[in-house]
Amino acid sequence: MKIINPLDLTGRKYLITGAASGIGRASSVFLSQLGAELILVDINAQELEKTASSCPSKVLLVACDLLDIPKLKESIINAVSDFGKIHGLVHIAGKSYISPLKAISENGVLDTFKLNTYAGLELAKLFINKKIYAGEHGSIVFISSVYGIVGSPANVGYAVSKAGIIGATKALAMELAPQKIRVNCVAPGFVKTKMMDSNTGSFDDNYLSVLDNLHPLGLGEPEDIANAISFMLSDMSKWITGAVMNVDGGFTAQ
């Protein structure tokens, strides 16, 4: 009897945002190693090229600002026309916004929400079009955060965007189930990426030690999140939709 690897993504095509670095790069490389062909999206064309150089499968690069929604949609439509219809997408692109309530600004909150949350909704809306969706094995994965689930001082603008992703995941899971499209999200804890380094660069060693201790299994690696994303795209999770998978080294278990 032939054993079928449920993580084999040969023949599948996915769109990945934020593919130029960190979790996006790790996820792109791993999905490519599993056989998936990928449309890689990021604003940083040079770093996208570096990601592509590590991907063994076919990839198409789209250098685009996700805050420019009309341009984003045009770029994806053109990409799919050349690449072929896709089976799903992963919205990883995002930004942090650390600011106490008294200092937050409308532009700061809205820009964070637009990139972290709304861009994902626009991509999902585009994906369900018959000209974009391959019509089978449909799977959308959003990236939330532990801070969409638990509280943290000076983090309200970011928390709004990540909590919004969780609500959107559950709502879209119900809306898109008749089309056999699953919608799930992964909520990472602190992962060792350049974004984390930029966010913690002003913190002293004592705080960094506290941060590490908040994760019983220690801080995460980009590959830890890539593994969860791959599971959510694959047929191993074919009966899972509307779920929030905490991948946080135990952060939210406390």
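Here's a quick rundown of the structure. (Residues numbered from 1 in each chain as written. Predicted model: local features only at pLDDT ≥ 70, side-chain atom pairs only at ≥ 80, totals over all residues. Heavy atoms only, no water.)

1. Examining the overall build of the protein
This is how it is decided: The helix count covers DSSP runs of H or I at least four residues long, the strand count covers runs of E at least two residues long, and both are numbered beginning at the N terminus. Type-normalised accessible area, obtained with a 1.4 Å probe on protein chains alone, sets the label of each residue: buried when under 20%, exposed when over 50%, and partly exposed for intermediate values. Contacts between residues were defined by any pair of non-hydrogen atoms, one from each residue, lying within 4.5 Å. Under the convention used here, a 1.4 Å probe and the Shrake-Rupley method define accessible areas, while residue burial counts only the protein chains that appear. His is not counted, nor are the chain ends, whereas Lys and Arg count as positive and Asp and Glu as negative. Charge positions come from single atoms, namely NZ of Lys, CZ of Arg, CG of Asp or CD of Glu.
Secondary structure summary: the protein contains eight helices and seven strands in total. Here the C-alpha coordinates of the protein stretch approximately 55 × 45 × 35 Å along the principal axes. Taken across its 254 residues, the protein has 48% of its residues classed as buried. A sequence separation of at least 24 residues applies to 70% of the contacts in the protein between residues at least 6 apart. A total of about 12,200 Å² of accessible surface is found on the protein, and carbon and sulfur atoms cover 56% of it. Averaging the positions of the 22 positive and the 23 negative side-chain charges in the protein gives two centres separated by 9 Å.

2. Notes on a nonpolar patch on the surface
For clarity, the threshold we go by: Patch construction takes residues with relative accessible area above 30% that form no salt bridge. Like charges are linked within 9 Å, and nonpolar side chains (Val, Leu, Ile, Met, Phe, Trp, Tyr) are linked within 5 Å. Here a salt bridge means any side-chain nitrogen of Lys or Arg lying within 4 Å of a carboxyl oxygen belonging to Asp or Glu.
Together, Leu101, Ile104, Val156 and Val160 give the surface a local cluster of nonpolar side chains, amounting to about 330 Å² of exposed area. Checked against the element boundaries, Leu101 lands in the loop between strand 4 (88–91) and helix 4 (106–127).

3. Regarding empty space enclosed by the protein
For clarity, the cut-off: The distinction between a cavity and a pocket rests on a 1 Å grid over the protein atoms alone: a 1.4 Å probe fits inside a cavity but cannot get out, while a pocket stays open yet meets protein on both sides within 12 Å along at least five of seven lines, and a residue with an atom within 4 Å of a point counts as lining. Grid points are joined across faces, edges and corners, and a volume is the space filled by probe spheres set on the points. Only Asp, Glu, Lys and Arg are considered charged in this grouping, and only Ala, Val, Leu, Ile, Met, Phe, Trp, Tyr, Cys and Pro are considered nonpolar; every other residue, Gly among them, is considered polar.
One pass over the structure, following the stated rule, counts one cavity of 30 Å³ or more. Roughly 30 Å³ of volume is contained in the largest cavity. In terms of lining, the largest cavity is formed by Leu15, Ile76, Ile86, Leu89, Leu123, Leu126, Phe127 and Ile132. Here the residues of the lining of the largest cavity are counted per class, giving eight nonpolar, no polar and no charged.

4. Overview of the pattern of salt bridges
Under the defined criterion, the tally for this structure stands at seven salt bridges. Residues Glu122 and Lys125 are paired through a salt bridge, measuring 3.5 Å at the closest nitrogen-oxygen approach. Here Glu122 pairs with Lys125, and both are found in helix 4, just three residues apart, close to one helical turn. For Glu122, a relative accessible area of 6% gives the class buried. A salt bridge links Glu221 to Lys192; its shortest N-O distance comes to 3.5 Å. In this pair, Glu221 sits in the loop between helix 7 (205–213) and helix 8 (222–233) while Lys192 sits in the loop between strand 6 (181–188) and helix 6 (194–200), placing the two residues 29 residues apart along the sequence.

5. With respect to the side chain of Ser139
For Ser139, the position within the fold is in strand 5 (residues 138–143). Given a relative accessible area of 0%, Ser139 falls into the buried group. Those residues in contact with Ser139 that sit more than four places away from it in its chain are His87, Gly88, Leu89, Ile181, Arg182, Met232 and Leu233.

6. Brief notes about the pairing of strand 3 (residues 59–63)
Convention followed: Pairing between strands is defined by DSSP: at least two bridges between the two strands are required.
Inspection of the sheet shows strand 2 (residues 37–42) paired to strand 3 by five bridges, in the parallel sense. Bridged to Val41 within strand 3 is Val62.

7. Examining helix 8
Stated formally: Any helix carries an expected span of 1.5 Å times its number of residues minus one.
Here helix 8 contains twelve residues, and its C-alpha end-to-end distance of 17 Å stays within 8% of the 16 Å for a straight helix at 1.5 Å per residue. All of the buried residues in helix 8 are Pro222, Ile225, Ala226, Ala228, Ile229, Ser230, Met232 and Leu233.

8. Describing the sheet that holds strand 1 (residues 13–17)
Heads up, the rule is: Under this scheme, a helix contributes an axis fitted over its contacting stretch, all axes are lines through C-alpha atoms, and angles between N-to-C directions fall in the 0 to 180 degree range.
Read across the sheet, seven strands follow the order 3-2-1-4-5-6-7 without closing on themselves; strand pairing throughout is parallel. The outermost strands of the open sheet, each flanked by one partner alone, are strand 3 and strand 7 (244–247). Within this sheet the neighbouring strands show an average axis-to-axis angle of 15°, counted without direction. As defined by bridge partners, strand 4 adjoins strand 5 across four bridges and the pair is classed as parallel. Directly across from Gly88, in strand 5, lies its bridge partner Ser139.

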